[in-house]
Structures are given as structure tokens and as C-alpha cells.
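Remarks on the overall topology
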Amino acid sequence: MNPEGSWGEVVIERGALGRIASLLSAHAPAAHYAVVADSNVAPLHGRPVVARLEAAGLRADLVTVAAGEGSKTPAGWAEVVESLARVGLGRDGCVVAAGGGVIGDLAGFAAATYARGISLVQVPTSLLAMVDAALGGKTAIDLAAGKNLAGAFHPPRLVVVDALVLDTLPREELADGLAEAVKHGAVADASYLKWIEGQAPALLDREPAAVDALVAGSIRIKMGIVDRDPWESGERAILNFGHTIAHAMEVATGYAVRHGHAVALGMVAEAAVGEEIGVTRAGTARQIRDALVACGLPVDPTRAPPPAELVRAARTDKKSRAGATRYALLKEAGTAATTAAGDWTHAIPDDVVTAVLGRLRAAPPAPSGV
Ligand SMILES: NC(=O)c1ccc[n+]([C@@H]2O[C@H](COP(=O)([O-])OP(=O)(O)OC[C@H]3O[C@@H](n4cnc5c(N)ncnc54)[C@H](O)[C@@H]3O)[C@@H](O)[C@H]2O)c1
Ligand SMILES: [Zn+2]
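Residues numbered from 1 in each chain as written. Chains lettered and ligands numbered in written order. Predicted model: local features only at pLDDT ≥ 70, side-chain atom pairs only at ≥ 80, totals over all residues. Heavy atoms only, no water.

Let us now look at the packing of helix α6 (residues 171-188) against helix α10 (residues 259-276). Two numbers describe how α6 lies on α10: the axes approach to 7 Å, and their chain directions differ by 35°. Pair α6 / α10 crosses with left-handed handedness. For the pair α6 and α10, contact is made by D176, A179, E180, V182 and K183 and by H259, G260, H261, V263 and M267, respectively. Here the contact of α6 with α10 is composed, by residue class, of four nonpolar, three polar and three charged. (Axes fitted to C-alpha atoms, helices over the stretch in contact; angles between N-to-C directions. Helix = DSSP H or I, 4+ residues; strand = E, 2+ residues; numbered from the N terminus. Left-handed = near helix turned anticlockwise from the far one by under 90°. Contact = heavy atoms within 4.5 Å. Nonpolar A, V, L, I, M, F, W, Y, C, P; charged D, E, K, R; others polar.)

Around the zinc ion (ligand 2), the protein supplies E180 (OE), H243 (NE2) and H259 (NE2) as donor atoms, at distances of 1.9 to 2.1 Å. When the donor residues of the zinc ion (ligand 2) are listed from N- to C-terminus, their spacing reads E-x62-H-x15-H. With H243 in helix α9 (residues 243-252) and H259 in helix α10, this pair connects stretches of sequence that are 16 residues apart. In terms of burial, H243 and H259 fall into one category: buried. (Donors = N, O, S within 2.8 Å, 3.2 Å for Na, K, Ca; no water. Buried < 20%, exposed > 50% of the residue type's maximum accessible area, 1.4 Å probe, protein only.)

On to the site of ligand 1. Around ligand 1, the surrounding shell holds 27 residues, and the nearest of these are D38, E69, T125, S126 and T168. The contact in question runs from an oxygen atom of ligand 1 to an N or O atom on the side chain of K147, over 2.9 Å. A distance of 3.5 Å separates an oxygen atom of ligand 1 from a polar side-chain atom of K222. Among the secondary structure elements, those contributing two or more residues to the shell around ligand 1 are α2 (41-55), α4 (101-113), α5 (127-133), β7 (146-153) and α6. Here the shell around ligand 1 is composed, by residue class, of eight nonpolar, nine polar and ten charged. (Near = heavy atom within 4 Å. Polar contact = N/O pair within 3.5 Å; in protein donor to acceptor, adjacent residues only side chain to side chain.)

Note on placement: D132 falls in helix α5. Leave out the neighbours within four places in its chain, and D132 touches E180, K183, H184 and K222.

Any functional reading would require information that these geometric values do not contain.
Below you can see the structure in the form of C-alpha cells.
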């Protein structure tokens, strides 16, 4: 929790960035703000935020890093904390992470570690960050050995979700965000999953009513789970559905596959694994695949690295215990599956996963109605 003992105020409002200075003064007062943004977002939204803070008489600096997952590394972290020191941020300073999930995780981890932890505000600018990454207080960087392997829980004081910034987001990035929203439906709400599938064209066209309903729907589901299990000692693990294989895919391709695309393929694969071992109701992988296809997401497993390579990369997953790779699985669309012992992740032998991945490559699940 943050020093106020909360998981952060979440303001969801089109145009909220227009009053960022008063929002920060009210919810995250600080002597000095460091707005961290990547090279794409800095000119579009980072610099305007700094200008608004300065116009309101607040001290603010912009810290820019290269765009892409390649910055979410020890070197990227060092660059950010050295920049915070260079601009003179003190313990009474605040990091404003303005960007997608990469910046949220990287600047969030910098805030968690700089001067032994200073206050943090998340300003998500990608749909993926709005519906998922900026919420819940997890921050991390990737290590050579695996994704998100160094990190901290560092909840923001404030999350400002202003969907107006999505106007500048490339379309394929929008689809990436839909992958995490499909995950929310898959693990917690079958009617939400169905709704996303039906609304996919409106969502991809950025129709405000559809986008606003999606943002609100996903935030409700994610924060509900986080509130019940903030430190991921149980239920929160279900938000990793699709992610054991997704992270393996990202690592095995050197992050050439984008996170949302990897999550899409990972969910179809993990639903199929669940079906194979009798935990997941038959037909679930196909249902999830249909929703993802509607959202314009890739679900063709032949695009993934070979099964044995993926399974090897999955062994570095943070959820691994006693040497076994663990998977968050579904009972059916909208419901997570616990083990007989009440565990929210399932240990599955590598050979079972390899066989399912191999079969999926040979014959991907046919779309329903075919
Ligand atoms: N901490 C968590 O709970 C959590 C949850 C989900 C994902 N993640 C992490 O999030 C990352 C993926 O996030 P992402 O997909 O947002 O990636 P990203 O941060 O790289 O953003 C995607 C791209 O969109 C650009 N962009 C972002 N907002 C923009 C805007 N408004 N206009 C124009 N361009 C914009 C970025 O510059 C980047 O090129 C992964 O590293 C993943 O591990 C973390
Ligand atoms: Zn994710």
C-alpha cells in the first residue's frame, strides 16, 4: 500500500489531463515532479503535462527514455534513476509515469527504489496500461534470464485515466490493450468477454462510448481482484492467465513479439492446455480465440517459436515453484480454476504443454460456426 494506506485514487475522465496540476496537488502533493515518458509519448503527452504543471507554479522536469520493451532493463532503470538524481529530485519528489505499460513498470520501479522509495503517479497513455498495467501497484524490469524478474509492489497515489490520449495511439497498440481486457472477461466475467467480442469494431474505431465502457469494465474487474488479494498470495494469480506462455514467447523471441500479441496466443494455448488436462471445459479455447480474432489479434500458433523452446523459456517464469512451471487456468470462460488444494496456479508437466502446443500448431482451434 502507499503511505496513505490505499491502492491509489483512480480518476477516469476524458480531459482529466487538462487539470493534472490540481489533481496532483490534491492527491500527490510534492516539491518536485519528474514526468517520465518514452520517446514517442514525451512530445505528445509528456511535455504538455510538464507545461501544465509549470504553468500552475509547480516544479517539473521531463525524463525521456527510448520507446520499447528494450528500456525495461537494468540499464533502462539506471538511466531513469540517474536522471532523477540529475534533475535534483528529493525524497519529497514524485515520479509521474506517463506512458504505456513499459514506462509504468520502469518508472514505477524507479520510484520504488530511488531514495528508498518516493511517491508515484500513473498516467497511462496506452489502452493496455489504462485497463491493466497502471493498476494494482506492480512494477518491474526484465532481466536476461526472464521477464519482470526484478520488481516491487509500489502502488501509485493516483492513476489518471484520460481516454483522450488514445487518439494518438497506433491501431495495433489499441488491439494489444484489448487482449488484456479479453483476459479480464476470461477470468472473471463471461458476459464481459462476449460484450468485447460484439463491440470489437466500435472499440477498434475508438468510439468513445465503447472505449469508456471497456476501460470502466476492466478497471472494475482488475481492482476487484487486487482489493481481495493485493499481494498476490492467492486469487490475484489468475490475472496471469495466458501469461506463462506469453512471457516465454516474449523471452524466446527477444521481445520481438509485442506483449498483447503474446498474451493473445498465450491465452488460447493455456485454455487448450487446461482442456487437455480436464480442468477447463471443452470449447473454451475456441471461445477465447473468437473474441481475440474479433479484436484483430493474432492467434495463429504457427507464428510462435517451436513448442520445446517455449516450454524451456517458461521455466524462468516467476510463478515456478519447486522447479515446476505453473499456469493460471480457467474452469470455463468467466471463471478461474483452483486446484483441489485451493491453489490458484497449476503445476503442469512440460511434456503435456509441449504436446498441446505441438497439436495447436498442427491444427489450431477452428472458429465457432465452422
Ligand atoms: N504492472 C502490471 O501489472 C502490468 C500489467 C500488464 C502489462 N504490463 C507490462 O506492460 C508492458 C506493455 O505495455 P504497452 O503495450 O503499453 O507497451 P508500451 O509501453 O511499449 O507502449 C506501446 C507503444 O505505444 C506507444 N504509446 C503509448 N501511448 C501512446 C499514445 N497515447 N500515443 C502514441 N503512442 C503511444 C509507446 O511509445 C510504445 O511504442 C509490458 O512490459 C508488460 O509486461 C504490466
Ligand atoms: Zn499482461
